[in-house]
Amino acid sequence: MQTKTSMLSGPIIRNAVKEAFMKLDPRVMFRNPILFVVEIGFIITLFLCFFPGAFQGSTPAWFNIVVAAILLVTLLFANFAEALAEGRGKAQADSLKQTKKDIVANKWVGGEIKQVASTDLRKGDIVVISQGEMIPGDGEVIEGLASVDESAITGESAPVIKEAGGDFSSVTGGTRVISDQIKVRITSDPGESFLDRMISLVEGAKRQKTPNEIALNTVLISLTLIFLIVVVTLPFFGDYLNIEIDVPVLIALLVCLIPTTIGGLLSAIGIAGMDRVTRFNVIAMSGKAVEAAGDINTIILDKTGTITYGNRMASEFIPVGGAKQIEVGEWAAISSMKDETPEGRSVLDLMKKLELGYNESSASGGEFIEFKAETRMSGIDLSDGRKVRKGAVDAIKRWVAAQNGIMPTDLDVAADKVASAGGTPLAVAVDNRIYGVIYLKDTVKPGMRERFDQMRQMGIKTVMCTGDNPLTAATIAREAGVDDFIAESKPEDKIAVIRREQAEGKLVAMTGDGTNDAPALAQADVGIAMNSGTVAAKEAANMVDLDSDPSKIIEVVAIGKQLLMTRGALTTFSISNDIAKYFAILPAMFMLAIPEMNTLNVMQLGSPMSAILSALIFNAIIIPLLIPLAMKGVAYKAVSSAQLLKRNLFIYGLGGVIVPFAGIKLIDLVIHLWV
Ligand SMILES: Nc1ncnc2c1ncn2[C@@H]1O[C@H](COP(=O)(O)OP(=O)(O)OP(=O)(O)O)[C@@H](O)[C@H]1O
Ligand SMILES: [K+]
Ligand SMILES: [Mg+2]
């Protein structure tokens, strides 16, 4: 993202203060029933400030004024928390909007270029973009190759190559072509582009409560209702016992008992969680996706490029069946002349490094066979009829066997040697003869084992899916420390793994970038597409990683977990707080009516009135005090959910009881000087 808005910049705070007042509008307040109850309490006490005797109460006017003031401040604090969380998103949206300028697009109509406004482009339109021009909308390159500056979207200044066909064909509106020319088919209608979606997401325009949030809200509202009923019926008991209970005191009791703390912070926690993902350069299409990430049981990972660096480089030609090393190199090179994959290019690099030559002209007139994940082979059909292939050893064996070829006895030994070192063996064959093996070297990224250990401690299973052979897969799986692996898998096998896990009731996350990953990305509960990937992948996924770093899935899960933990911790804290306040206020209430009941004053508070006001003040100031925690998230540790629950219940449950006792006592010591 272009702007990394700091957490608390001046304008954001100023704006949040203003918003806090605007949100007092009952029509806005109504959406948060807990705070709405507080607002009604405020209105009643405000009325009592002017007509203290209206409900035959005996509390003095000054007491009513102070209660009304504290209630107002409580509302403002809660509104401020939400506005602050929203503010950062708005600031980001503003800078994105600047990227989204209306420009003139060169539309390709019937072989001619027509200039139209970018806002008039529709799905299916073809546009031509040349060096220096802005790409007018999201689309897919259908012709040509260009380097594109995507820094406006990704914040990454290095240009990326976009070309027709393959996994690097998608372009985003608002990015700039910095060399060459491409023809692009537009894939989104006005207002529905990636940038549009990003803006409305960070702006919170589309922010909907997630199912988890709705469930928690329902519990909190039920609690509020129960306390409301309890408090409303109290005066009747009072009448029966001949005790007069004043309305402002009842309101103070109610506000202290209902979960105002979590009610005030709940939406801030949700917004901040999404914001953390955004700052991490991942665009989540919904809050639900972020939460689902926190509940993930299984992560499906690619081997190449995710667990390993993925720059698989040819490092050795190993001859088999009596062939010579130069022959292996020669055929490997010929099969790679038009193979634009990193693997293919590395074969030609190795030839240069070994100073081996080959007859390039023998390929002329031949038909190149592109690498496909389905066939796991690439090569060329020469004009003289010979067919040259390189590819996964089992795939080449099958291809050669189909032509009644013979298997060199030392082939498996050579392949296994490469595979057991964690490398990928590619067999090289011409028609029915296998010449040897190319050793593709790849390295496991550092720190993977620690990350997978953490995942395991969190109770998450990691499954590596790879098109590679079982031995290579096993070696890398062991080295990286994943729980399980699937070798020789075709793209459709990924979707099968996901379905199998989901059938066991598990939530599954995966990353992908190709069009053939799209169904699996859609099937997964959390699908993270790489920004460099195809339009299909990005549309199927519910998150897009702007940095195109597939291993980020691990952090996204951590952020989701942290969001759920923060919500749980603050809910626990809020509810145990309310219990503590009960012990401060209830005795005070009865003492106010029957001064002889001093034994009830367990907290030894100064006077009944200062007890009530202290509890109410504490109830208000705990909200801003917890804003940093709500926004930053609780400290995160990789342990199982059960352990987490125990730990959080202990810290936030016990803390939630102790902190208000201490806080209320402290406030009472100060205000008792006057009250
Ligand atoms: N350029 C290529 N030419 C021929 N065969 C290749 C080429 N690239 C890869 N292969 C073979 O095809 C197999 C599948 O490749 P693919 O890229 O689909 O999966 P992978 O990279 O091994 O696994 P992952 O899913 O972890 O990325 C590889 O294991 C390799 O044996
Ligand atoms: K409360
Ligand atoms: Mg791959």
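Here is what the cut-offs are and how they apply
- Residues numbered from 1 in each chain as written.
- Chains lettered and ligands numbered in written order.
- Predicted model: local features only at pLDDT ≥ 70, side-chain atom pairs only at ≥ 80, totals over all residues.
- Heavy atoms only, no water.
- Helix = DSSP H or I, 4+ residues; strand = E, 2+ residues; numbered from the N terminus.
- Rg over C-alpha atoms; globule rule 2.2 N^0.38 Å.
- Buried < 20%, exposed > 50% of the residue type's maximum accessible area, 1.4 Å probe, protein only.
- Areas by Shrake-Rupley, 256 points an atom, 1.4 Å probe, with all protein chains shown as cover.
- Donors = N, O, S within 2.8 Å, 3.2 Å for Na, K, Ca; no water.
- Tetrahedral: all angles 85-135°; square planar, octahedral: opposite > 155°, others 65-115°.
- 1 Å grid on protein atoms, 1.4 Å probe; cavity = no way out; pocket = protein on both sides within 12 Å on 5 of 7 lines; lining within 4 Å.
- Points joined across faces, edges and corners; volume = space filled by probe spheres on them.
- Nonpolar A, V, L, I, M, F, W, Y, C, P; charged D, E, K, R; others polar.
- Expected span 1.5 Å × (residues − 1).
- Arc of directions from axis to C-beta.
- Contact = heavy atoms within 4.5 Å.
- Near = heavy atom within 4 Å.
- Polar contact = N/O pair within 3.5 Å; in protein donor to acceptor, adjacent residues only side chain to side chain.
- UniProt positions renumbered as here; feature names shortened; annotations may be inferred.
- Domains from an automatic or database assignment.
- Buried area = accessible area lost by both parts, 1.4 Å probe.
- Phe/Tyr/Trp six-rings, centres within 6.5 Å; stacked < 30°, edge-to-face > 60°.

Enquirer: Quick rundown of the overall build of the chain? Include the residues and the values.
Expert: For the chain, the helix and strand inventory stands at 23 helices and 21 strands. Its C-alpha atoms give the chain a radius of gyration of 33 Å, more than 25% over the compact-globule value 26 Å for 675 residues. Across its three principal directions, the C-alpha atoms of the chain cover 110 × 60 × 35 Å. The burial tally for the chain puts 52% of its 675 residues in the buried class. As displayed, the chain offers around 29,200 Å² of accessible surface, 60% of which is attributable to carbon and sulfur atoms.

Enquirer: Go over the coordination of the potassium ion (ligand 2), please, and point to the residues and values.
Expert: Protein-derived ligands of the potassium ion (ligand 2) are V255 (O), C256 (O), I258 (O), T260 (OG1), D578 (OD) and N619 (OD1), with the metal-ligand distances lying across 2.4 to 3.0 Å. Between the 6 donor atoms coordinating the potassium ion (ligand 2), the angles at the centre fall across 63 to 162 degrees, so the site counts as irregular. Relative accessible area serves as the criterion here: at 5%, D578 is assigned to the buried category.

Enquirer: Tell me what's going on with empty space enclosed by the protein, and back it up with residues and numbers.
Expert: For the structure shown, the criterion picks out 5 cavities of 30 Å³ or more. Taken as a whole, the largest cavity holds about 50 Å³ of empty space. Where the lining of the largest cavity is concerned, the elements lending two or more residues are helix 21 (553–593) and helix 22 (608–632). It is helix 21 that contributes the most residues to the lining of the largest cavity, 5 residues altogether. Of the residues in the lining of the largest cavity, the class split is 11 nonpolar, 2 polar and no charged.

Enquirer: Can you tell me about helix 13 (residues 342–353), naming the residues and giving the values?
Expert: Its 12 residues give helix 13 an end-to-end C-alpha distance of 16 Å, which sits within 8% of 16 Å, the value for a rise of 1.5 Å per residue. All of the buried residues along helix 13 are E343, G344, S346, V347, L350 and M351. One side of helix 13 carries all its buried residues, which in axial view fall inside an arc of 160 degrees. Exposed and oriented more than 90 degrees from the buried face of helix 13 are K352 and K353. Those residues of helix 13 that are buried lie in contact with strand 11 (313–319), helix 12 (325–336), strand 14 (387–392) and strand 16 (433–441).

Enquirer: Can you explain the site of ligand 1? Please cite residues and give values.
Expert: Taken together, 21 residues lie around ligand 1, and K303, T304, D339, T341 and S378 are the ones closest in. At 2.7 Å from a nitrogen atom of ligand 1 is found a side-chain nitrogen or oxygen belonging to S378. Backbone polar atom of G467 to an oxygen atom of ligand 1: 3.1 Å apart, as the coordinates give it. Across the complex, the protein chains shield 90% of the 600 Å² of accessible surface that ligand 1 would expose by itself.

Enquirer: Provide a residue-level description of the UniProt feature "binding site: ATP" (unreviewed entry) in the chain, including the pertinent values.
Expert: Per the UniProt record, the feature "binding site: ATP" (unreviewed entry) sits at D339, E343, F371, K372, A373, E374, T375, R376, M377, S378 and K390. Relative to the helices and strands, S378 is located in strand 13 (residues 377–381). Its relative accessible area of 3% is what places S378 among the buried residues. With near-sequence residues (within four places) excluded, S378 lies in contact with D339, I369, E370, F371, V388, R389 and K390. Along the polypeptide, K390 turns up in strand 14. Side chain to side chain, K390 and S336 meet in a polar contact 3.0 Å long.

Enquirer: Explain the domain arrangement of the chain to me, and be specific about the residues and the numbers.
Expert: Per the domain assignment, the segments of the chain are domain 1 (10–92 + 202–279 + 571–669), domain 2 (286–307 + 445–546) and domain 3 (312–443). The C-alpha centroid of domain 3 is placed 29 Å from the C-alpha centroid of domain 2. At the junction of the two partners, domain 2 supplies 15 residues and domain 3 supplies 15 residues. Carbon and sulfur atoms make up 51% of the area that domain 2 and domain 3 hide from each other, which totals about 1,100 Å².

Enquirer: Go over the UniProt feature "binding site: Mg(2+)" (unreviewed entry) in the chain with me, naming the residues and quoting the values.
Expert: Per the UniProt record, "binding site: Mg(2+)" (unreviewed entry) is annotated on D513 and D517. Mapped onto the elements of the fold, D513 is located in the loop between strand 19 (508–512) and helix 19 (518–523). Overall, D513 belongs to the partly exposed group, its relative accessible area being 25%. In contact with D513, other than residues within four places in its own chain, are D167, M530, G533, T534 and A537. Structurally, D517 can be placed in the loop between strand 19 and helix 19. The exposure class of D517 is buried, given its relative accessible area of 7%. In this structure D517 touches K494 and G512, once residues within four positions along its chain are discounted.

Enquirer: Mind laying out helix 15 (residues 411–420), listing which residues take part and the relevant values?
Expert: Looking only at helix 15, the buried set comprises L411, A414, A415, V418 and A419. One face of helix 15 carries all of its buried residues, which in axial projection span an arc of 130 degrees. Contacts from the buried residues of helix 15 go to strand 11, helix 14 (393–401), strand 15 (424–430), strand 16 and helix 17 (470–480).

Enquirer: Kindly report on the packing of aromatic side chains, identifying the contributing residues and their values.
Expert: One pass over the structure, following the stated rule, counts 5 aromatic pairs. Between F30 and F36, the aromatic rings sit 5.2 Å apart at their centres with planes inclined by 85 degrees, giving edge-to-face as the arrangement. Overall, the relative accessible area of 56% leaves F30 in the exposed class. A relative accessible area of 21% means that F36 is categorised as partly exposed.

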